[in-house]
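Listed here are the chains, written in short residue letters.
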Amino acid sequence: MATAYYGQGSTPSRSSDLKSNAYKEPYNHEAETLLVQTKLAYEAAKVVGKEQKNIERKMKKELSKELPGCINKYNNGIKEIKDAFARIGDIVNSDKEDYRFADQIRGVDRRRPVFWKKKKEHERSRVEETFTGHQSESFLCLNKDGEIKQLQDKINELQDSLEKNKKDYEYDLNQIIRSKDGLEKQHHAEKQHLQRKYEEEIHVKEEALRNLNQIIRSKDELEKQHHAEKQHLQRKYEEEIHVKEEALRNLNEVIQSNDELYRKHDVEMQAKEEALRRLSSVASRQMRDRNPNITDLSDPNRPTKIAEKMSELFDNQWTDAFDVLEREMDDRQIIETLLDTLMRVSDECRRLSDENFFERVQQSIESPIEATEIPKNRILLSDQLKQQIKEFRKIRAAAVLKDIEKIIKPRIKLVNHPEVQDYLSRCVEIGWLCAVQDPPLFLKAQSPLEFDTNAFKDYTKRGKYVEYVVWPALYLHEGGVLLAKGVAQGTDHKPTPVRNYVEGRQPPPALPYSKMQAASPENNAAQPGRATLAPSNNTSGPAKTK
């Protein structure tokens, strides 16, 4: 086999064997070293790439504890890469010398085995390819030195900042520790204070508990004593109840006997009071009969109340009617018209209340059919019965006002206006209430020439003389006391004779108002709104006019 490689069949000499060994061993040894160093550089490059990413990620966080360890691993990886490339560089440089030595050997002996040459070329190409690939990666790693320095500078800055922050934090920590110590001292003092206070409260509560126990014992003793006293009082109470029940039975018997006596007494008193009431009623009626000085204060339509209503009539309805008639007459005509209306209504009411009154009552009792003629029978009613009839008529006066209005209103011709008709209705009310009094109230519209301030008040002017009467004075009866003053217009000039209007009396024919007689309807048409009196349906004669 050896002769086939070297030719001529001769064995190689010792010098050739030494040369071949010197040529073979260094090449095999350096190739394996190159592979190992290349692998080490490759692994170190992977570590450097990994730690570079970790450093970039840790630097984004403040105060990362793992950042220094990553930096150390990164620097160790760079150092390993540098060492591996240094050894590879040494091996490469030593190979060049071996190549020169091999060329010298090839100049001595050109005879080499063919397979060894091919093997060395294959190994050489493989080593060069591996070295080229690892060298490119190593060069990339070496190019990162600038970036590493920048990162190192940033790391140094961060470390300086960390040192500064550390000092600040240490200062703050010292402040906190001192505050903590102060708080602990304060807490300890408060704790001791609370402990003393707690012990004092415990002592007070124990004392209170002892007092409470003593009170409970006293309470139990008092309850026993109270129970004994209660039983004693219960027995005493039952004895008293028994005594009182016996006394109550005796008292009930006495009361029953007294009740019987009281009932008999009440019956006798009721009979006596009824007799006294009848006697008093008769005496009262006899005293009030034609006696205006005695007034029933329970009567809502007594003379003083009628005087108040008459004043209200002048203040309210008279004023409203005056305002309405201002459109058709002058003030003097309005005053005369309204005064005439009141006086005529009063006369009509007097006539209805006086004329054949008791005759008609007696006829209604004797013959309860509608009377068409004036009764001519002699009056058989007693004075007491007459007084009772007059009292009854006075009581019923307010209830029959509507019927009286139906009789009197058609006879008084006035403007058909609500305010004027309301005034006429109130005149009927006043006239009828005055007429049913016993004796009737008296309206006086007559005044002397000189102004009588005792009977009349000023209208719009004050003077020594009376120019004309605006509102009549009201008396308790004819010649009686004054109930309400009238109203008159005063003047300082002595006037010509004016109409003196007295209730129930005909005015003198020479006065200008004689034209307003009930028998002259043509004058009513000439002066609209003036009050006139229509003829009465009574067959006894014409109605009284003023």
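Residues numbered from 1 in each chain as written. Predicted model: local features only at pLDDT ≥ 70, side-chain atom pairs only at ≥ 80, totals over all residues. Heavy atoms only, no water.

Trainee: Teacher, can you tell me more about the nonpolar core here?
Mentor: Here is a general trend for soluble globular proteins: nonpolar side chains tend to be buried in one another's company. Within the largest apolar cluster, 57 residues are counted, with the highest numbers of intra-cluster contacts made by Trp318, Tyr423 and Trp471. Here this core gets ten residues from one element, more than from any other, and that element is helix H12 (residues 418–435). In contact with Tyr423, not counting residues within four places along its chain, are Leu313, Gln317, Trp318, Ala321, Leu338, Thr341, Leu342 and Trp471. Core analysis: the second largest hydrophobic core is formed by 15 residues, Val48, Ile71, Ile148 and Ile155 among them. (Core = buried A, V, L, I, M, F, W, Y, C linked by side-chain atoms within 4.5 Å. Buried < 20%, exposed > 50% of the residue type's maximum accessible area, 1.4 Å probe, protein only. Helix = DSSP H or I, 4+ residues; strand = E, 2+ residues; numbered from the N terminus. Contact = heavy atoms within 4.5 Å.)

Trainee: Hey, could you run me through unusual backbone geometry in this one?
Mentor: What is expected of a backbone is that most residues other than glycine have negative phi and most peptide bonds are trans. Put simply, Asp438 and Pro439 share a cis peptide bond, and its omega is 0°. Relative to the helices and strands, Pro439 resides in the loop between H12 and strand S1 (442–445).

Trainee: Whenever I open this one, the packing of aromatic side chains confuses me. Can you help?
Mentor: When we look at a pair of aromatic rings, we describe it by the centre distance and by the angle of the planes. Scanning all chains against the criterion turns up five aromatic pairs. Relative to Trp318, the ring of Phe314 has its centre 4.7 Å away and its plane inclined at 35°; by these criteria the two rings are tilted. When sorted by exposure, Phe314 lands in the same class as Trp318, which is buried. In textbook terms, an aromatic cluster arises when at least three aromatic residues are bridged by ring pairs, as seen for Phe314, Trp318, Phe322, Tyr459 and Trp471. (Phe/Tyr/Trp six-rings, centres within 6.5 Å; stacked < 30°, edge-to-face > 60°.)

Trainee: For this particular structure, what's the right way to read the pattern of salt bridges?
Mentor: Pairs can form between side chains of opposite charge whenever their charged atoms are close. Under the definition given, this model contains 16 salt bridges. One salt bridge in this structure joins Glu405 and Lys409, with 3.8 Å as the shortest N-O distance. The salt bridge partner of Arg426 is Glu429, with a shortest N-O separation of 3.0 Å. Of the two residues, Arg426 and Glu429 both sit in helix H12, three residues apart, roughly one turn of that helix. In this structure Glu429 comes out as buried when scored by relative accessible area, which is 17%. Here the salt bridges do not stand alone but share partners, grouping Glu348, Arg351, Glu355 and Arg411 into one network. (Salt bridge = Lys/Arg side-chain N within 4 Å of Asp/Glu carboxyl O.)

Trainee: Would you explain the confidence of the model for the protein in this entry?
Mentor: The predicted coordinates ought not to be read in detail in places where the model reports low pLDDT. Looking at the protein as a whole, the pLDDT averages 76, with 71% of positions reaching at least 70. Confidence drops under pLDDT 50 across residues 498–502; counting only partners more than four residues distant or on other chains, this segment forms 23 contacts. (pLDDT = per-residue confidence, 0-100.)

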